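Chain by chain, the residues:
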Amino acid sequence: MEEPNPTLLVVDDDRLVLATLVAGLRQAGFDVIEADNGDDAILLARQHKPRLAILDMRMQGKSGMDVARYLAANTDTRFMFLSAFGDSDIVDEATRLGALGYLVKPLDVRQIVPAVRAALERTGEPRSAVAPDPAAPPAPAMALPERDLYVATGILMERLRIDYERAVAALRLQAQVERKDLIELATGMVEAANRLNSFRR
């Protein structure tokens, strides 16, 4: 039976971002526990067994990726990430670990809630991968397109100030207009965004 108010764990070392996310998610009807560091996040995950964790990738001490590795290896808690969209190698590993989403900062809570609901719908699916063995061969190539779709969706959400569903619909529509494969369009967007981010300010 579906939980009426699934428990979420939100982890970010920026207290303002954390407070904003937690308040918005609680207002949307979720039960939320919070941590501002990776060690506390792991303790809370063990105690409360949340269904989904929303992790800031880059934190002092244990990173969001460190927490994700722990969750993937030791718990049933699934996870999604909050970060800037230049972190290609980190997103690759997140995909290998079975991340359910990748959201670009800064985000409006109204945009995050639909993405969180979409991720919760997928928490019953088997993980796409377990914690990687360092001696194992590289992840299959399908991880890259999956990553680019997550990141391109996040870019649209941030740039156009739209929610998750509208961003996905906009991507699909643009692919039809340009007569391109959806993944080809997403990859082009990610490459263009990364080029822009490489310019000196």
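Residues numbered from 1 in each chain as written. Predicted model: local features only at pLDDT ≥ 70, side-chain atom pairs only at ≥ 80, totals over all residues. Heavy atoms only, no water.

**A short note on the packing of helix α2 (residues 38-48) against helix α3 (residues 64-74)**
Line of reasoning, step 1. Interaxial distance between α2 and α3 falls to 9 Å at its minimum, and their mutual angle equals 20°. One way to sum up the angle between α2 and α3 is to call them roughly parallel. The two elements α2 and α3 meet at a crossing, and its hand is right-handed. When α2 is examined against α3, the residues G38, A41, I42, A45 and R46 are found in contact with a partner set consisting of V67, Y70 and L71.
Line of reasoning, step 2. Partitioned by chemical class, the residues of the contact of α2 with α3 number 6 nonpolar, 1 polar and 1 charged. (Axes fitted to C-alpha atoms, helices over the stretch in contact; angles between N-to-C directions. Helix = DSSP H or I, 4+ residues; strand = E, 2+ residues; numbered from the N terminus. Parallel < 35°, antiparallel > 145°, perpendicular 65-115°, else oblique. Left-handed = near helix turned anticlockwise from the far one by under 90°. Contact = heavy atoms within 4.5 Å. Nonpolar A, V, L, I, M, F, W, Y, C, P; charged D, E, K, R; others polar.)

**Looking at the pairing of strand β4 (residues 78-83)**
Two faces, one strand: in a regular strand the side chains alternate between the faces of the sheet.
Line of reasoning, step 1. Counting buried positions along β4 yields 6 of 6 residues, so the element is predominantly enclosed.
Line of reasoning, step 2. The alternating pattern of β4 places R78, M80 and L82 on one face and F79, F81 and S83 on the opposite face, and all of these are buried.
Line of reasoning, step 3. In the sheet, strand β3 (residues 52-56) pairs with β4 via 5 bridges, with the strands oriented parallel. Each residue of the ladder has a partner; that of L55, found in β4, is F81.
Line of reasoning, step 4. Taken together, β3, α3 and β4 constitute a β-α-β crossover, and its handedness is right-handed.
Line of reasoning, step 5. With 3 bridges connecting them, β4 and strand β5 (residues 102-104) associate as parallel partners. (Buried < 20%, exposed > 50% of the residue type's maximum accessible area, 1.4 Å probe, protein only. Pairing = 2+ DSSP bridges. Right-handed = clockwise from strand over helix to strand, strands pointing away.)

**Let's talk about the pattern of salt bridges**
Line of reasoning, step 1. According to the stated counting rule, one finds 6 salt bridges in the structure shown.
Line of reasoning, step 2. Salt-bridge contacts for R15 lead to E34; the nearest nitrogen and oxygen are separated by 4.0 Å. Taken as a pair, R15 in helix α1 (residues 15-27) and E34 in strand β2 (residues 31-35) lie far apart in primary sequence, 19 residues in all.
Line of reasoning, step 3. The partly exposed category is assigned to R15, whose relative accessible area is 47%.
Line of reasoning, step 4. Residue classification places E34 among the partly exposed positions, given a relative accessible area of 31%.
Line of reasoning, step 5. Between D66 and R69 there is a salt bridge, and its shortest N-O distance comes to 2.7 Å. Pair noted here: D66 and R69 are both in helix α3, with a separation of 3 residues, about one helical turn.
Line of reasoning, step 6. For D66, a relative accessible area of 29% puts it in the partly exposed group. (Salt bridge = Lys/Arg side-chain N within 4 Å of Asp/Glu carboxyl O.)

**Re unusual backbone geometry**
With the exception of glycine, most residues fall at negative phi, and the peptide bonds are largely trans.
Line of reasoning, step 1. A positive phi is found at K49, a non-glycine position, where the angle reads about 50°.
Line of reasoning, step 2. Tracing the backbone through its elements, the reader meets K49 in the loop between α2 and β3.

**Thoughts on the sheet that holds β2**
Line of reasoning, step 1. The sheet built from 5 strands is open, its strands ordered β2-β1-β3-β4-β5 with parallel pairing. Looking at strand neighbours, the two that pair on one side only are β2 and β5, the edges of this open sheet. For this sheet, the mean angle separating the axes of adjacent strands, direction not counted, is 20°.
Line of reasoning, step 2. Those strands touched by α1 are β1 (7-11), β2, β3 and β4, and its axis lies near 170° from that of β2.

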